Amino acid sequence: MHADLFPVIAATAQWLTRAYPASGGALAGALCEVQARQAVTVAARLRYPTPMDVALLGVAGPGGSARLDWITGADGTAAAEPDGDAWRTWVDEVVASWAACLLTDPELAALAVAALADGGPVAGTSSGTPVEFRRLLAPDEQDRRAATLLRHPDLAAPVAALHRVQLVDRLDPGRALVA
């Protein structure tokens, strides 16, 4: 994986876990964060599959969390501590949306991880294996309880709907257009 994606992955996973916090104690928080990070990693690798894509991301920037904050109703919280929220500038809206899709749709998550493992629609990312994404693909009961809000299809729908069509297109580029 491209090391330059780490800031985007970390910030976007943090945004998801703040928008959809874990239900429970410290262990639940850690399990929720792992699931968010796995989904964001898959989404980021699909979104930025080549070193050139990653380099362009470095030049243009990921866009930040402003629209996501507005959609989830968290837009007033960032003003309280402006310097403490600098990480929000590294949040990628498309990656967050794709990750929300993967967390709420097991079939789509399986397709996305398979695309990474096979080098499917995104050549050059064959290092991803389903084993490293176990909590995303096959969460146990404790994982599900920890990430109840994060994986809730109705709660995550506003974020997931933003760029779901592009994710589906990325995973199935040969799909015939329907008139």
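Rules and cut-offs
Residues numbered from 1 in each chain as written. Predicted model: local features only at pLDDT ≥ 70, side-chain atom pairs only at ≥ 80, totals over all residues. Heavy atoms only, no water. Helix = DSSP H or I, 4+ residues; strand = E, 2+ residues; numbered from the N terminus. Buried < 20%, exposed > 50% of the residue type's maximum accessible area, 1.4 Å probe, protein only. Contact = heavy atoms within 4.5 Å. Expected span 1.5 Å × (residues − 1). Axes fitted to C-alpha atoms, helices over the stretch in contact; angles between N-to-C directions. Nonpolar A, V, L, I, M, F, W, Y, C, P; charged D, E, K, R; others polar. Salt bridge = Lys/Arg side-chain N within 4 Å of Asp/Glu carboxyl O. Core = buried A, V, L, I, M, F, W, Y, C linked by side-chain atoms within 4.5 Å.

Peer 1: Before we move on, can you summarise the overall build of the protein chain with the specific residues and values?
Peer 2: Along the protein chain, the regular secondary structure elements total nine helices and zero strands. Going from the N terminus to the C terminus, the protein chain shows its helices and strands as α-α-α-α-α-α-α-α-α. Taken across its 179 residues, the protein chain has 42% of its residues classed as buried. Put simply, 80% of the contacts in the protein chain that link residues at least 6 apart link residues at least 24 apart.

Peer 1: So, helix α1 (residues 6-19): which residues are in play, and what are the values?
Peer 2: Between its first and last C-alpha atoms α1 spans 20 Å; for 14 residues at 1.5 Å apiece the expected length is 20 Å, and the two agree. Listing the buried residues of α1 in full gives Val-8, Ile-9, Ala-11, Thr-12, Ala-13, Trp-15, Leu-16 and Thr-17. On its buried side, α1 packs onto α2 (26-47), α3 (51-60), α4 (66-72), α5 (93-104) and α9 (153-171).

Peer 1: Give a detailed account of the packing of α5 against helix α6 (residues 106-118), specifying residues and quantitative values.
Peer 2: Where α5 meets α6, the axes come as close as 5 Å, and the angle between the chain directions of the two elements is 115°. Across the interface between the two elements, Cys-101, Leu-102 and Thr-104 from α5 touch Pro-106, Leu-108, Ala-109 and Ala-112 from α6. Across the contact of α5 with α6, the residue classes tally to six nonpolar, one polar and no charged.

Peer 1: Account for the pattern of salt bridges, with residues named and values stated.
Peer 2: Throughout the structure, instances matching the rule amount to eight salt bridges. For Glu-141, the salt bridge is made with Arg-145, and the minimal N-O distance between the two is 4.0 Å. Of this pair, Glu-141 and Arg-145 both sit in helix α8 (residues 141-146), separated by four residues, roughly a single helical turn. For Arg-145, a relative accessible area of 47% puts it in the partly exposed group. Linked through salt bridges whose partners overlap, the residues forming this network are Asp-69, Asp-85 and Arg-88.

Peer 1: Talk me through the nonpolar core; I want residue IDs and the actual numbers.
Peer 2: Generally speaking, a soluble globular protein has its nonpolar side chains buried in company with each other. Core analysis: the biggest nonpolar cluster contains 46 residues, and Val-42, Leu-46, Leu-102 and Leu-136 have the highest contact counts within it. Those elements giving two or more residues to this core turn out to be α1, α2, α3, α5, α6 and α9.

Peer 1: Please give an account of the environment of Trp-15 that cites residues and values.
Peer 2: Structurally, Trp-15 is set in helix α1. Here the alpha-carbon distance between Trp-15 and Asp-69, two residues 54 residues apart in the chain, equals 8.9 Å. In contact with Trp-15, other than residues within four places in its own chain, are Tyr-20, Ser-65, Leu-68, Asp-69, Thr-72, Trp-87, Arg-88, Val-91 and Val-159.

Without other data, these values stay purely geometric and don't point to any function.
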